[in-house]
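# Structural features, examined
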Amino acid sequence: MGDAACDDAVEQLAGLLDKVDAPLKKTFENVHQGYPTETLVRFLKAREWHVNKAQKMLVESLNWRIQNEIDSILEKPIIPVDLYRSIRDTQLVGLSGYSKEGIPVLAVGVGLSTYDKASVNYYVQSHIQINEYRDRFILPMVTKKYGRPITTCIKVLDMTGLKLSALNQMKIVTAISTVDDLNYPEKTETYYIVNAPYIFSACWKVVKPLLQERTRKKVHVLRGCGKDELLKIMDYSSLPHFCRREGSGASKHSSSDPDDCFSLDHPFHQELYNFIQEQALNMELIKQGSMHVNIPDQDPEDAKIVGVIEAEFHKLSVQNGSTNDADKE
């Protein structure tokens, strides 16, 4: 699509957004953080530059934010802290640093996340809190520092420990990725896959052709722990801990190692948790219990991909004679 056509689409979408109610405009400010054009472009890209589809997606997302009080989610700590620690130990995600261009590097322990210590609501709440903190504080901070809009991040996905039993977590992973796809579209500019076992490669072969081209182009499967490739775009201090050394157990998660960016003791998680606690105290809002965020309906195309992954996992487990054998992969 040519630049003129893109500019035209952005202008049309901006015009349509002007007509929405005041509460939607207000929540849109929290989304765009002073960069409305970049935000409109993200929604347009997610809908292949169809203005009406992008407008529908954006308005639905703004309504979702209002109905689920997403603007105040950073005032709702997950307490007690022991519960939050167990969420961090089983939903492995963290900010390991920044690329040389100032883009935040988010690390995700796909293979070793078990999501088995709290309800789905808590995991979704914690995921959205990280998204909102990234979008409202981290990205504006680096934008200011580098003097140009930085509105996306890089994700390094660690596949260490990926087993066929990961199917049991499919429901929760799907819920989280649906929230991302529909409300935080095009926020990741590159996905780097590291420490990929055979089971990932087998799945990737069947899933890759189903992805839209713009998504496919973003995914880079690196050799081993990916260290050499990643050091081209970030300094060693920003490398996720699981990329720092090759070999088995490179990703053993230790919740008390402050270098482990998944750990609650890591500076990023400490900062985020303290920030949410402080906001809650200001609002005198500390309440036990998780927030119930409505999970939007999955895009039919994405649902198809999930079905393919499930079928592939099933096929692999049959080939291996039993799930247990396959888990040794």
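The model shown is predicted, which means the values in this text are computed figures rather than measured ones. (Residues numbered from 1 in each chain as written. Predicted model: local features only at pLDDT ≥ 70, side-chain atom pairs only at ≥ 80, totals over all residues. Heavy atoms only, no water.)

## Points about the state of the cysteines
In plain terms, the rule: Pairs of cysteine sulfur atoms within 2.5 Å are identified as disulfides in what follows. The buried label goes to any residue with under 20% of its type's maximum accessible area, the exposed label to any with over 50%, and the partly exposed label to all in between, with areas taken from a 1.4 Å probe on protein chains only.
Evaluation of the coordinates by the stated rule reveals 0 disulfides. Looking at the unpaired Cys-261, the closest cysteine sulfur is the one in Cys-243, lying at 8.8 Å. What makes Cys-261 buried here is its relative accessible area of 1%.

## What to know about the sheet that holds strand β4 (residues 188-194)
So the rule is basically this: Strands are treated as partners if at least two bridges between them are detected by DSSP. Helix and strand definitions follow DSSP, with helices as H or I runs of at least four residues and strands as E runs of at least two, each counted in order from the N terminus. Under this scheme, a helix contributes an axis fitted over its contacting stretch, all axes are lines through C-alpha atoms, and angles between N-to-C directions fall in the 0 to 180 degree range. Every residue pair with non-hydrogen atoms within 4.5 Å of one another is taken to be in contact.
Across the sheet, which stays open at both edges, the 5 strands sit in the order β1-β2-β3-β4-β5 with mixed pairing between neighbours. Edge positions in the sheet fall to β1 (93-98) and β5 (219-221), since each of these pairs with one other strand and no more. Taken over all neighbouring pairs, the strand axes of this sheet differ in orientation by 25° on average, direction set aside. One ladder, built from 5 bridges, connects strand β2 (residues 104-109) with strand β3 (residues 153-158); its direction is parallel. Residue pairing for β3: Leu-106 is matched across the bridge by Lys-155. Along the sheet face, helix α6 (residues 120-146) touches β1, β2 and β3 and points at about 10° away from the line of β1.

## Section: the packing of aromatic side chains
Aromatic ring pairs: the centre-centre distance and the angle between the two ring planes describe each pair. Note the following rule: Each pair of aromatic rings taken from Phe, Tyr and Trp, with Trp reduced to its six-membered ring, is defined by centres within 6.5 Å and is described as stacked if the planes are under 30 degrees apart, edge-to-face if over 60, and tilted in the remaining cases. We count a charge as sitting over a ring when the NZ of a lysine or the CZ of an arginine lies within 6 Å of the ring centre and within 35 degrees of the ring normal.
Scanning the entire structure with this criterion turns up 9 aromatic pairs. Judged by centre distance (6.4 Å) and plane angle (90°), the ring pair of Trp-64 and Tyr-184 falls under edge-to-face. With Trp-64 in helix α4 (residues 51-67) and Tyr-184 in the loop between α7 (170-183) and β4, this pair connects stretches of sequence that are 120 residues apart. With a relative accessible area of 6%, Trp-64 lands in the buried category. In textbook terms, an aromatic cluster arises when at least three aromatic residues are bridged by ring pairs, as seen for Tyr-133, Phe-137, Phe-268 and Phe-275. Taking the ring centre of Tyr-236 as reference, the NZ or CZ of Arg-244 above it sits at 5.0 Å.

## Topic: the environment of Val-194
Mapped onto the fold, Val-194 is located in strand β4. Among the residues examined, Val-194 registers a relative accessible area of 0% and is labelled buried. Counting along the chain gives 29 residues from Val-194 to Arg-223, while the straight-line C-alpha distance between them is 6.7 Å. In contact with Val-194, other than residues within four places in its own chain, are Val-156, Leu-157, Asp-158, Met-159, Leu-222, Gly-224, Cys-225, Gly-226, Leu-230, Phe-242 and Cys-243.

## Brief notes about the UniProt feature "domain: CRAL-TRIO" (unreviewed entry) in the protein chain
Our working rule: UniProt positions are given in the numbering used here, feature names are shortened, and annotations may be inferred rather than shown by experiment.
Per the UniProt annotation, the sites labelled "domain: CRAL-TRIO" (unreviewed entry) are residues 80-240. Across residues 80-240, the secondary structure splits into 44% helix and 17% strand, with the terminal C-alpha atoms separated by 27 Å.

## Considerations on a negative patch on the surface
Using the following cut-off: Residues forming no salt bridge and having over 30% relative accessible area are the ones grouped into patches, like charges within 9 Å of each other and nonpolar side chains (Val, Leu, Ile, Met, Phe, Trp, Tyr) within 5 Å. Computed by Shrake-Rupley with a 1.4 Å probe, the accessible areas treat only the displayed protein chains as cover when residues are assessed. What makes a salt bridge here is a side-chain nitrogen of Lys or Arg within 4 Å of a carboxyl oxygen of Asp or Glu, nothing more. Positive charges are assigned to Lys and Arg, negative charges to Asp and Glu, while His and the chain termini are left out of the count. All charge positions are set by atom: Lys at NZ, Arg at CZ, Asp at CG, Glu at CD.
A cluster of acidic side chains, namely Asp-3, Asp-7, Asp-8 and Glu-11, defines a negative patch on the protein surface. Along the polypeptide, Glu-11 turns up in helix α1 (residues 3-17). Residue class for Glu-11 comes out exposed when judged on its relative accessible area of 60%.

## Section: unusual backbone geometry
For the peptide bond that leads from Ile-79 to Pro-80, omega is -5°, which places it in the cis range. Checked against the element boundaries, Pro-80 lands in the loop between α4 and α5 (81-90). If you check the backbone angles, Glu-48 has positive phi at about 50° while not being a glycine. Within the secondary structure, Glu-48 sits in the loop between α3 (36-46) and α4. Judged by relative accessible area, which is 41%, Glu-48 ranks as partly exposed.

## Thoughts on the side chain of Arg-88
One can find Arg-88 in helix α5. Despite its burial, Arg-88 remains without a salt bridge, the nearest opposite charge being carried by Asp-89 at 7.5 Å.

## With respect to α3
For α3, every residue scored as buried is listed here: Thr-39, Leu-40, Arg-42, Phe-43, Leu-44 and Ala-46. For α3, the elements touching its buried residues are α1, α2 (22-32), α4, α7 and α9 (213-218). Of the residues one or two after α3, Glu-48 is the one with positive phi, at around 50°.

## Looking at the side chain of Thr-143
Under the convention used in this document: Think of a polar contact as two N or O atoms within 3.5 Å of one another; within protein, one of them needs to be a possible hydrogen donor and the other a possible acceptor, and neighboring residues in sequence only count if both atoms come from side chains.
Structurally, Thr-143 is set in helix α6. Engagement of the side chain of Thr-143 in a polar contact is seen with the backbone nitrogen of Ile-150, the distance being 2.9 Å. Dropping the residues within four chain positions of it, Thr-143 is found in contact with Tyr-35, Arg-148, Pro-149 and Ile-150.

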